[in-house]
Amino acid sequence: MSTTDARGHKIPEGTDPAARQSLLDLSLSIPSIRARPSAATATQHVQALAAAGQAPSAGAPAYVYRTDLGALTIWDGVTWRSISAIATGQVAPLSGWTGKTVLLLARLGRVVTMAGTIARSGFEVITPVQYEIGTIPAGFRPSAAMLTLGTTLYLSAVSYVHGGTPAADAIVQVRPAGDIWVRPARASSSVTVNASWITD
């Protein structure tokens, strides 16, 4: 009959007959950190643990290194939490905005900060209409609870006209799928944004 040692590992008694189940019990009782590329595959991992009889809990959580976030995460049976100091990322700009649009992302726990500048690839004028400019990667997107009417997170931004005075008259919008839109109130050379939100 298997017993649990001081490290929490299930080990067979010396008198136990050889059995594959004893090896499975030992293997499953040894915590390991699995690398997974997304929230979906991390969830699949903890579901597989539960199906094998090792459902993670607050007392025996599962650890997953999220390669898409560059962060170590923990599943306590109820919620995911990041336990790495800071996860970083960057908005992927669309064609016409590459090279000049740089929006950096940093996540500490559930708080994400985005900071940087939005500009056309050739510094063409950004006219006062709405443009889609890029996508925030998964893991950094706003929680649905932060979206106005469940559709959009509105961020204040500053427009700049070459040779002129910056003005806080631009709006940056973030949609549920992470797509980012910008609308300056005037024809602008660039738009700067520095904002934070809560993610799931």
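Rules behind the numbers
Residues numbered from 1 in each chain as written. Predicted model: local features only at pLDDT ≥ 70, side-chain atom pairs only at ≥ 80, totals over all residues. Heavy atoms only, no water. Helix = DSSP H or I, 4+ residues; strand = E, 2+ residues; numbered from the N terminus. Expected span 1.5 Å × (residues − 1). Buried < 20%, exposed > 50% of the residue type's maximum accessible area, 1.4 Å probe, protein only. Arc of directions from axis to C-beta. Contact = heavy atoms within 4.5 Å. Pairing = 2+ DSSP bridges. Axes fitted to C-alpha atoms, helices over the stretch in contact; angles between N-to-C directions.

**Student:** Explain helix α2 (residues 39–51) residue by residue, including any values.
**Tutor:** Along its 13 residues, α2 runs 18 Å from first to last C-alpha, staying within 8% of the 18 Å computed at 1.5 Å per residue. Turning to α2, its buried residues number three or more, namely Thr41, Ala42, His45 and Val46. End-on view of α2: buried residues confined to an arc of 140°, all on one side of the axis. Buried residues in α2 make contact with β3 (33–36), β4 (62–66), β5 (71–75) and β6 (80–82). Among the residues trailing α2, glycine 53 stands out with phi positive, at a value near 90°.

**Student:** Outline the sheet that holds strand β7 (residues 87–90), supporting the account with residue identities and numerical values.
**Tutor:** Pairing within the open sheet is antiparallel, and its nine strands lie in the order β7-β9-β10-β15-β12-β13-β14-β11-β8. The sheet is open, and its two borders are formed by β7 and β8 (92–93), each paired with just one other strand. Examined bridge by bridge, strand β13 (residues 167–174) and strand β14 (residues 179–183) share four bridges and lie antiparallel to one another. Within β14, the position partnered with glutamine 173 by the bridge is tryptophan 181.

**Student:** For unusual backbone geometry, give the residues involved together with the corresponding values.
**Tutor:** Of note, the phi angle at phenylalanine 123 is positive, near 55°, even though the residue is not glycine. Tracing the backbone shows phenylalanine 123 in the loop between β10 (111–118) and β11 (131–135). Its relative accessible area of 52% is what places phenylalanine 123 among the exposed residues. Here the phi dihedral of leucine 149 falls at roughly 55°; this positive angle occurs in a residue that is not glycine. Along the chain, leucine 149 turns up in the loop between β11 and β12 (153–160). Classification of leucine 149 as exposed rests on a relative accessible area of 83%.

**Student:** Account for the sheet that holds β3, with residues named and values stated.
**Tutor:** Taken in spatial order, the four strands of this open sheet run β3-β4-β5-β6, and their pairing is mixed. Looking along the sheet, the strands with just one partner apiece sit at the ends: β3 and β6. Across the sheet, the mean angle separating the axes of adjacent strands is 30° when strand polarity is ignored. For β5 and β6, the ladder comprises three bridges, and the chain directions are antiparallel. Each residue of the ladder has a partner; that of threonine 73, found in β6, is serine 82. Strands β3, β4, β5 and β6 of the sheet are contacted by α2, whose axis makes an angle of about 155° with β4.

Purely geometric stuff here, so don't read any function into it on its own.
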